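One-letter residues, chain by chain:
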Amino acid sequence: MKNNRNFSSFDGGTRRRGTRLPIIPIALVVLLVLLLVFLWSRGGEQPQQRVEKIIPAEQLGK
């Protein structure tokens, strides 16, 4: 009687395929988060600076 090696408990080739599939979406989510952190750390919106305009005294009286 031959042993059927396809159903052996030591055969990890066909059973390991299912565990590799979730790695791709997890890696994509991690890359997306890293991209967002990188873009956020570059600065974004800069604070506004006050602009002081010199107004001559003649125009202040008008």
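Rules used in this analysis
Sequence order as written defines the numbering, with residues in each chain counted from 1. Residue-level local features of this predicted model are given only where pLDDT is at least 70; pairs of side-chain atoms are given and counted only at 80 or more, and the full residue set underlies all totals for whole chains, interfaces and linings. Hydrogens are left out, water is left out, and the side-chain values use all remaining heavy atoms of the structure. For the purposes of this entry, the term helix denotes a DSSP run of H or I that reaches at least four residues, the term strand denotes a run of E that reaches at least two, and both are numbered from the N terminus. In this scheme, a residue with accessible area under 20% of its type's maximum is buried, one over 50% is exposed, and one in between is partly exposed, where area comes from a 1.4 Å probe on protein chains only. All accessibility values rest on the Shrake-Rupley procedure with a 1.4 Å probe; residue burial counts only the protein chains present in the view. Here the term patch refers to residues with relative accessible area over 30% and no salt bridge, with like charges joined within 9 Å and nonpolar side chains (Val, Leu, Ile, Met, Phe, Trp, Tyr) within 5 Å. Criterion for a salt bridge: a side-chain nitrogen of Lys or Arg within 4 Å of a carboxyl oxygen of Asp or Glu. Here the expected span of a helix is defined as 1.5 Å times the quantity of residues minus one. A score between 0 and 100, pLDDT records how confident the predictor is in each residue.

Some details on the overall build of the protein chain
(1) Moving on: Counting its regular elements, the protein chain contains three helices and zero strands.
(2) Moving on: Going residue by residue from the N terminus, the α and β elements of the protein chain occur as α-α-α.
(3) Moving on: Counting over 62 residues, the protein chain shows a buried share of 0%.
(4) Moving on: Summed over all atoms, the accessible surface of the protein chain reaches about 7300 Å², with 61% contributed by carbon and sulfur.

What about a nonpolar patch on the surface?
(1) Moving on: A cluster of nonpolar side chains, Ile 24, Ile 26, Leu 28, Val 30, Leu 31 and Leu 34, forms an exposed patch at the surface whose accessible area comes to about 610 Å².
(2) Moving on: Relative to the elements of secondary structure, Ile 24 occurs in helix α2 (residues 23–41).

Quick notes on α2
(1) Moving on: Along its 19 residues, α2 runs 27 Å from first to last C-alpha, staying within 8% of the 27 Å computed at 1.5 Å per residue.
(2) Moving on: Within α2, only zero of the 19 residues are buried, which leaves the element largely exposed.
(3) Moving on: Positive phi shows up at Gly 43, right after α2, with a value of about 135°.

Remarks on the confidence of the model for the protein chain
(1) Moving on: On average, residues of the protein chain carry a pLDDT of 76, and 61% of them reach 70 or more.
(2) Moving on: Mean pLDDT across the elements of the protein chain ranges from a minimum in helix α1 (residues 17–20), with 57, to a maximum in α2, with 92.

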